[in-house]
Structure formats: C-alpha cells, structure tokens
Amino acid sequence: MSTISPDRSTSEIKSVLHEERIFPPPEDFARSAHIRSMEEYERLYAESLNSPETFWARMAEKLHWFTRWHTVLEWNLPHARWFVGGTLNASYNCVDRHLNSWRRNKAAIIWEGEPGEVRTLTYQQLYREVCRFANVLKRMGISRGDRVAIYMPMVPELPIAMLACARIGATHSVVFGGFSAEALRDRINDARCKLVVTADGGWRRGSEVRLKAAVDEALQQTPSVERCIVVRRTGSPVRMEPGRDFWWHELVETVDDHCPPEELDSEHPLYILYTSGTTGKPKGILHTTGGYLLQTALTTEWVFDLRDEDIYWCTADIGWVTGHSYVVYGPLANGATVLMYEGAPNYPEPDRFWELIERHRVTIFYTAPTAIRSFIRWGEQWPLKHDLSSLRLLGSVGEPINPEAWMWYREVIGKGRCPIVDTWWQTETGAIMISPLPGATPTKPGSATRPLPGVEADIRTKDGRSVGPNEGGYLVITRPWPSMMRTIWGDDERYRKQYWSEIEGVYFTGDGARRDEDGYYWVMGRVDDVINVSGHRLGTAEVESALVSHEAVAEAAVVGRPDEIKGSAIVAFVTLEAGRTPSEELREELKRHVVKEIGALARPDEIRFTDALPKTRSGKIMRRLLRELAASGVVRGDTTTLEDFSVLEKLRMEEE
Ligand code: WT7
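Calculation criteria
- Residues numbered from 1 in each chain as written.
- Predicted model: local features only at pLDDT ≥ 70, side-chain atom pairs only at ≥ 80, totals over all residues.
- Heavy atoms only, no water.
- Pairing = 2+ DSSP bridges.
- Helix = DSSP H or I, 4+ residues; strand = E, 2+ residues; numbered from the N terminus.
- Axes fitted to C-alpha atoms, helices over the stretch in contact; angles between N-to-C directions.
- Salt bridge = Lys/Arg side-chain N within 4 Å of Asp/Glu carboxyl O.
- Buried < 20%, exposed > 50% of the residue type's maximum accessible area, 1.4 Å probe, protein only.
- Contact = heavy atoms within 4.5 Å.
- Near = heavy atom within 4 Å.
- Polar contact = N/O pair within 3.5 Å; in protein donor to acceptor, adjacent residues only side chain to side chain.
- Areas by Shrake-Rupley, 256 points an atom, 1.4 Å probe, with all protein chains shown as cover.
- Nonpolar A, V, L, I, M, F, W, Y, C, P; charged D, E, K, R; others polar.
- UniProt positions renumbered as here; feature names shortened; annotations may be inferred.
- Left-handed = near helix turned anticlockwise from the far one by under 90°.

Moving on to the sheet that holds strand β22 (residues 473-477). The strand order β21-β22-β24-β25 describes an open sheet built from 4 strands, whose pairing is antiparallel. With one partner strand each, in any of the chains shown, β21 (457-460) and β25 (521-526) form the two edges of the open sheet. Going across the sheet, the axis of each strand differs from the next one's by a mean of 45°, ignoring polarity. Note that β21 and β22 share 4 bridges and pair antiparallel. If you follow Ala457 over to β22, its bridge partner there is Ile477.

What follows concerns the pattern of salt bridges. Enumeration over the complete set of coordinates arrives at 58 salt bridges. Residue Lys444 is joined to Asp516 by a salt bridge in which the shortest nitrogen-to-oxygen separation is 2.8 Å. Of this pair, Lys444 sits in the loop between β20 (420-423) and β21 while Asp516 sits in the loop between β24 (507-515) and β25; the two residues are 72 residues apart in sequence, bridging distant segments of the chain. The buried category is assigned to Lys444, whose relative accessible area is 5%. We note a salt bridge from Glu551 to Arg580, for which the minimum N-O separation is 3.6 Å. Linking Glu551 in the loop between α18 (540-548) and β28 (553-563) with Arg580 in the loop between β29 (567-576) and α19 (584-597), this pair joins segments that are 29 residues apart in sequence. Relative accessible area serves as the criterion here: at 34%, Arg580 is assigned to the partly exposed category.

Read from one edge of the open sheet, 8 strands run β12-β11-β8-β6-β7-β14-β15-β23, paired in mixed fashion. A single partner strand is all that each edge strand has here, and the edge strands are β12 (245-247) and β23 (487-488). With 3 bridges connecting them, strand β11 (residues 227-231) and β12 associate as parallel partners. Across the sheet, Ile229 pairs through a bridge with Phe246, a residue of β12. Relative to the sheet, helix α12 (residues 321-333) contacts β7 (171-174) and β14 (269-275), its axis offset from that of β14 by approximately 145°.

A few words on the site of the ligand. Taken together, 17 residues are adjacent to the ligand, and Asp422, Thr423, Thr427, Asp511 and Arg537 come closest. Between the ligand and the protein, one listed contact pairs a nitrogen atom with a backbone N or O atom of Glu399 at 3.4 Å. Contacts to the ligand include Thr427, whose side-chain N or O atom sits 2.5 Å from an oxygen atom. In the complex, 95% of the free accessible area of the ligand, which totals 560 Å², lies under the protein chains. The set of elements that each furnish at least two residues to the shell around the ligand consists of α12, β20 and β25. Residue classes in the shell around the ligand are distributed as 6 nonpolar, 6 polar and 5 charged.

Since the α-helix turns once every 3.6 residues, residues separated by three or four places project in the same direction. The complete set of buried residues in helix α4 (residues 52-59) reads Phe55, Trp56, Ala57 and Met59. Contacts made by the buried residues of α4 are with α3 (38-50), β1 (71-76), β2 (79-84) and α11 (290-303).

This paragraph deals with unusual backbone geometry. For the bond running from Leu77 to Pro78, omega is 5°, close enough to zero to count as cis. With respect to the helices and strands, Pro78 occurs in the loop between β1 and β2. Cis geometry marks the peptide bond from Tyr347 to Pro348; its omega dihedral reads 0°. Mapped onto the elements, Pro348 comes out in the loop between β17 (337-341) and α13 (352-360). The residue Lys415 is not glycine, and still its phi comes out positive at about 50°. Judged by relative accessible area, Lys415 falls into the partly exposed class, the value being 37%. Even without being glycine, Ser534 reaches a positive phi, approximately 50°. Structurally, Ser534 is set in the loop between β26 (530-533) and β27 (536-539).

Under the local residue numbering, the UniProt record ascribes the feature "binding site: CoA" (unreviewed entry) to Arg204, Arg205, Gly206, Ser207, Thr322, Asn346 and Ser534. An extended arrangement is adopted by the annotated residues: their sequence extent is 331 residues, and the largest C-alpha distance between any two is 24.8 Å. With respect to the helices and strands, Arg205 occurs in the loop between β9 (202-204) and β10 (207-209). What Arg205 contacts, discounting residues up to four positions off in sequence, is Glu114, Ala344, Pro345, Asn346 and Tyr347.

Axis separation between α18 and α19 bottoms out at 9 Å; the angle between their running directions is 115°. Viewed along their axes, α18 and α19 form a crossing whose handedness is right-handed. Taking contact as the criterion, the partners of Val543, Ala546 and Leu547 in α18 are, on α19, Leu590, His593, Val594 and Glu597.

Counting through the fold element by element, Ala368 comes out in the loop between β18 (364-367) and α14 (369-378). On the basis of relative accessibility, which here comes to 18%, the residue Ala368 falls in the buried class. Sequence separation between Ala368 and Ala316 is 52 residues; the distance between their C-alpha atoms is 8.1 Å.

Quick look at the pairing of β29 now. On any regular strand, side chains alternate: one points to one face of the sheet, the next to the other face. Summarising burial for β29: 10 of the 10 residues are buried, a large majority. Looking at chain direction, β28 and β29 are connected through 10 bridges and run antiparallel. The residue of β29 that forms the bridge with Val553 is Leu576. Connecting β28 to the antiparallel partner β29 that follows it, the hairpin turn spans 3 residues. As defined by bridge partners, β29 adjoins strand β30 (residues 606-609) across 4 bridges and the pair is classed as parallel. Considered in β30, the bridge of Ala572 is made with Ile607.

It is worth spelling out the environment of His287 at this point. Within the fold, His287 resides in strand β15 (residues 283-288). You can call His287 buried: its relative accessible area is 0%. In the structure, His287 is positioned 20 residues away from Glu267 in sequence and 8.6 Å away in space, judged by C-alpha atoms. For His287, the contacting residues outside a window of four places in its chain are Pro269, Leu270, Tyr271, Tyr292, Thr427, Glu428, Thr429, Gly430, Ser483, Met484 and Met485. There is a polar contact of 3.3 Å between the side chain of His287 and the backbone oxygen of Ser483.

Structure, rendered in structure tokens:
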C-alpha cells in the first residue's frame, strides 16, 4: 500500500484484504430488476464511456425539460456545463410531473415524528404546500438567484422549503440542525443569505433541540438576512422579532395554492451545501439543476431498483448531502414514497428503526455503517422483536463498511434475502458513483464494487500513474459527470486547487483505495486531514481552529483515532498559553467550547495537554506521529525530521 489511511485501523485493512466471500444477486431480484445482469451493466458502461454524449442525452429523457438542450457537455477543465441551453425546474420534476397520472394520490412523504405522530402527504398535497410556500417566499422578496438558509429539524416543511426555493429559482443552503449558532452564522454569511427558514425546535432523544434560539444568536451577526420564517413544531415559547420573524402557518394562510415554476437554465444554482475540508473554513459546495437532478434520479432508480410499490427509507438527515440527493431530489423525481423520521434510532428504545420498518412496511432501507455498528452493540434481540419481512434491499453509505458489519446487516436485518448496496460517493459528487446494481452485481463484503455507468474511476499515485491490481493509491474520477459540483461558492481558486490540481487532469477525491483483480473498488478512507466521525465529515483543522479560539489554548493538533462505533474518535493535542495549567475542568471547558463553536458532532473524545507539538524542521505538525500515538500510544517509523525529540518523549509520558 502506498497510502495509509489515517481513518482505518491496520487490523481492519487486513480483514478487508482477506475478504473473499462473494454473494451473487438473488434470483428473483435479477429477474425483474432495472439492470438484470453483468452483461447488461457492461454494455451500458461501455456505451457510457465510448459515446458519453449520446448516452447522457438518452438518459436525460428521464427528466421533464421546458426547452431541450443544444449541447450535452461543455468541458473546460475544471469547469463543466451540462445540457447547455436546456431549461427545467427541479420542483416541477419532483412534484408537478406526478400529478397527471395515478401518482397524484400516491404518498410522496410519510413522516413520523419522534413523539410518534404520523403525517402523510400525497403528491397532490405536496404540490399545494410547495406552491404555497413558494408564494410566501416571493412575498418576502425572494427571487431567482437569492440564497435562502434552511435550519430545520426533520419535518415535512424542510423538503417543502427546499422544493419551494427550487420552484422560484432561489438557491437553498441547508444547514444541519446539529450545528451551533456560530457555525450557522458563518454559513449564512459566506452565502450571504437573505432569509432563514427554521422551526421553534425539534425532538431528539426526548429533548428539544432549540433551533430558533440558535438562529436568534446567529442573526446578531448576519447583515444579509432580512427575514426569518419559523415553523411551529414543538410549541415551546420562542422570541419573535417584529418585522423580522414570521410564523410559517400564518404566512401560508394568505397565499395562492398555485405558483408557476420558473423555467431555469440547466446550470442554474440549485443549492449550496457546506462540507468540511482540510482548512478551518468549510467549503460551500455548489450544485446546479439539470445534471444534478438527472444523476440523482437515475442512480436512485438503478441502485435502489426503485418501483412504484416501494416504501423507501433513507435514514440520513436532510442536512447532509445524502438527505438532499436520496431523501429529497432523487426519490421524489422518481415519484417514490419516502419515509421520513424526525428523531433518534434509540428512542424510546433501541428498536425504533425496526419498529418504523414494521409499522410502515419499509421495502428499501439505506443507512450508515456507524448506525449498523451501534445496532450490533445494542444486540440482535432488538431487530429480532420485529417483522422485517417487508425489506427487499439494504443500502450503506458514508464510510467504509467493515465485513463484519456487512455480514450482520445481511443476516440479521436482511435475513440473507436482501442484496446490500454499499454506495461510495461524496458531497462533491452529488450522486452515487461506485455501487453494486442489486440485480446484476455480485457483492463482496466491504467493497463498493464497480463504478456506475457514466463514471470513470481510477487508482493513481500522486504523480498520476495508474496502479495495478491490489496496489493502494488515490481514488480519482477521470472525466466529468453530470452531478459533479460546479465550484466552491465564492472560491473558485480553491475548487481548482483542491480537486483538480492534486493529480494532473483528474478529480481528486481525497480517498485512498485499491482495485482488486475483478475491478472491484475497496475504499479505505480519507488520506487528507478530514476524518469521518459517526458518518459525519469533519476537518481536523476546523476543530483545531475552534480550540485555539479559546483564550487558554496556544496551539492544537487534532487527529482521528480508530473507533469501533464512530469510525473515528476525535483526539486533540493541546498546548496551553503561559500561565494556564492543565486540569480536568479546563478539559471539559474546551470540549464545551468546541461544541459551541461547531456543534455536538465535533466534541473531542479526548483532550491531551502537552508542552509542545512534534514538528518537522519546516514547522509542520507531524500528524502521522500524533495519529499513531492516539491509536496505540507507540510511535513507529521514521522520526528523523522531528525538530525536538524530547517533545515525543513528553507525549509518550503523557500517555502513561
Ligand atoms: C466521504 C464523503 C455522500 C455520502 C455521505 C458522506 C466516505 C462515503 C463511502 C463508502 C467508503 C465512503 C469517503 C468519502 N464514504 N461513502 N460507501 N465506502 N467510504 O458524504 O460527507 O461528503 O463524505 O465519505 O471517505 O470521501 P461526505
């Protein structure tokens, strides 16, 4: 292996290297699936690479266009324009289109709140709500190109607000409800949002997450925001600032039930979604309309083998890209019935998910390895209490799934009947890139298998050499694809540098991987300073800058330590300002400080105080050493570039 992933333990890599089990697609699946055999996959795949424009033009028929495009792709590395000249509307494609068939009476969203209430919206009802909120937005002065921040719990008003933005051509920026007021403020300011949509609060593990209070704090320092619309969800008292804050339910009372969809350019910005990178500042990933909608819709159909009878449940929060692409845009563009759940998987008991599957007869279930590992720990008595026979397909996303978890998922949840699709992709790719097709691809536990049609991947060395079978390297994508990010909002230079300059001429994913003799991809995890904590992506630099913003902290270095449940645990090495002494209280205070700066997802698991950090002669922090130290307490390998050996000795002592 030329690359060692900081995000994966050596023992795990070994177990993946020895994985030899193969599971062919179940026969009944292969008989009726959208793509039924490897021959069919190979044919489609070859066509997609040999004549990409013909291929994508045919695929694009799947969407409703107001005006047809004249050019499929304009590629000016690193900038792509897809379906140039075409106009469409994402909200029209996700809603209106289903109204002139029997689907108008089909459930679009079945929602269950954490306290247990259930709400169902048919496509017709969804249409009315989306139109009404679109009219509200217009009345609030929002028009084409304006940015709208959405900071909400998992309630139906969240997808409604997104689709309403898409309807009038406003660009939404959804901020995950678990982020702090500070994180929200920074994201609002970066995108210069004009309006914020939020709720009084949401339910999580029986307590209220007070979203409006966080918005109030954020809006102290957001000059671009003019108004705020608040959904009443928990009913707890909130402060409403006259002239600025309005109740959703009051506004929608006074508007029309119809709102014509804007005819938008294929490249019209659909949304910005912030994600962590290698610097302290999150990146606003920009996705546009035509290509994004096409590839999310297409992959939802292929990978989940979606049918009209399905009840489809992706457990991701809409605040992450998985929720954007596979709770909202992909499934709704296909006219699917989507289950949406507000709360925690272990509330009131660790069988809430299995109860939901049984109650709603879920057929497709898509979740993250970190959740699966928690279920394993909670014990199989919880799923065994429930009738899970409605399930026909299981999906995994967000991080490498270890073969042990894969097998448990297959046996205990899928009863050996359901194919598993391990889907590799990123916020930046917009849609699933590497994944089995459940009716065609034989699966191997721990491998995302092969790239989907239209996706050309490779494993390369830093200097661009394509490596041989089973040799480790960097996972890259070697040609543009429709749902690729278009730029980093407000920072095209960073887009060019981080994604298209690391390895000459190709898209750099930041992941290390190998490809086996069957062409199957085995993704090992990040090779940059990004860590995966419970399926959430976090930049170590973000946590570091949160730490050094505390007055007691002089310097901080944050690394991931392999963790059985979370994937990575957050370990921070901290040096203090002169005059400050380490204490248990300070440790707790620093943890709280990080939560305040970023959100609970960034709370360090461990803080280690040290006199100094190990650095190279040029002053770079030696993270590899810190990672090894965090993981095992011992440092192996070459340390000759260390500036001060005694630092290492001190860190070792800290360990004891
Ligand atoms: C990173 C992207 C878009 C999915 C949700 C996370 C890791 C994602 C897999 C997988 C191995 C995976 C990669 C990737 N990742 N899926 N099936 N197998 N690793 O999106 O927050 O943008 O993170 O998640 O490291 O680069 P994200």
